Amino acid sequence: VQLQASGGGLVQAGGSRRLSCAASGRTFSAYAMGWFRQAPGKEREFVATISWTGGSTYYADSVKGRFTISRDNAKNTVYLQMNSLKPEDTAVYYCATGTGRYTTTRKYEYDYWGQGTQVTVSS
């Protein structure tokens, strides 16, 4: 299984960015997907998750109302639309495939991870 994350970059506070994660090597539509992030000196933390059909989503409190996770099973791709970005959103963002169909915030319930894409929000 390969996950290729893209879309990171430098953005000003208040701006928007859309991350993409293209998956290959497994039946993408059969598994939940998630986004996590890791800031320098901090542990990797949960950001958002989406169920196999896209019908259920869940967000970390810190991004709720600003970020939106979505998926296109025909394109084997999951997205993270990030709006109203803040400097504290600066991190490397990772996509991951769940071991099951349903949303989960637990890192150990994700078995494949992308390489990460850097998002830097300037104040």
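See above for the structure.
Below, the structure is looked at part by part. (Residues numbered from 1 in each chain as written. Predicted model: local features only at pLDDT ≥ 70, side-chain atom pairs only at ≥ 80, totals over all residues. Heavy atoms only, no water.)

1. Points about the state of the cysteines
So, point 1. Tallied over the entire structure, the rule returns one disulfide.
So, point 2. With its sulfur 2.0 Å from that of its partner, Cys-21 forms a disulfide with Cys-95. Looking down the S-S bond of the Cys-21 and Cys-95 bridge, the torsion is 60°, so its handedness is right-handed. A residue pair is termed long-range when its members are at least 10 positions apart, and Cys-21 in strand β3 (residues 17-24) and Cys-95 in strand β9 (residues 91-98) qualify at 74 residues. (Disulfide = S-S within 2.5 Å. Helix = DSSP H or I, 4+ residues; strand = E, 2+ residues; numbered from the N terminus.)

2. A word on the packing of aromatic side chains
So, point 1. All chains considered together, the criterion is met by five aromatic pairs.
So, point 2. Where Phe-46 meets Tyr-58, the ring centres are 6.2 Å apart and the plane angle is 25°; that geometry is what we call stacked. A residue pair is termed long-range when its members are at least 10 positions apart, and Phe-46 in strand β5 (residues 45-50) and Tyr-58 in strand β6 (residues 57-59) qualify at twelve residues.
So, point 3. Owing to a relative accessible area of 14%, Phe-46 belongs among the buried residues under this scheme.
So, point 4. Taken together, Phe-36, Phe-46, Tyr-58, Tyr-110 and Trp-113 form an aromatic cluster joined through their ring pairs.
So, point 5. Over the ring of Phe-28 we find Arg-71; its NZ or CZ atom is 4.4 Å from the centre of that ring.
So, point 6. Arg-101 extends its terminal NZ or CZ atom over the ring of Trp-52, reaching a point 4.0 Å from the ring centre. (Phe/Tyr/Trp six-rings, centres within 6.5 Å; stacked < 30°, edge-to-face > 60°. Buried < 20%, exposed > 50% of the residue type's maximum accessible area, 1.4 Å probe, protein only. Lys NZ or Arg CZ within 6 Å of the ring centre and 35° of its normal.)

3. A look at the nonpolar core
So, point 1. Ranked by internal contacts, the top residues of the largest apolar core, which has 31 residues, are Trp-35, Leu-80 and Tyr-93.
So, point 2. Sorting the residues of this core by element identifies β1 (2-6), β3, β4 (33-38), β5, β7 (67-72), β8 (77-82), β9 and β11 (117-122) as the ones contributing at least two each. (Core = buried A, V, L, I, M, F, W, Y, C linked by side-chain atoms within 4.5 Å.)

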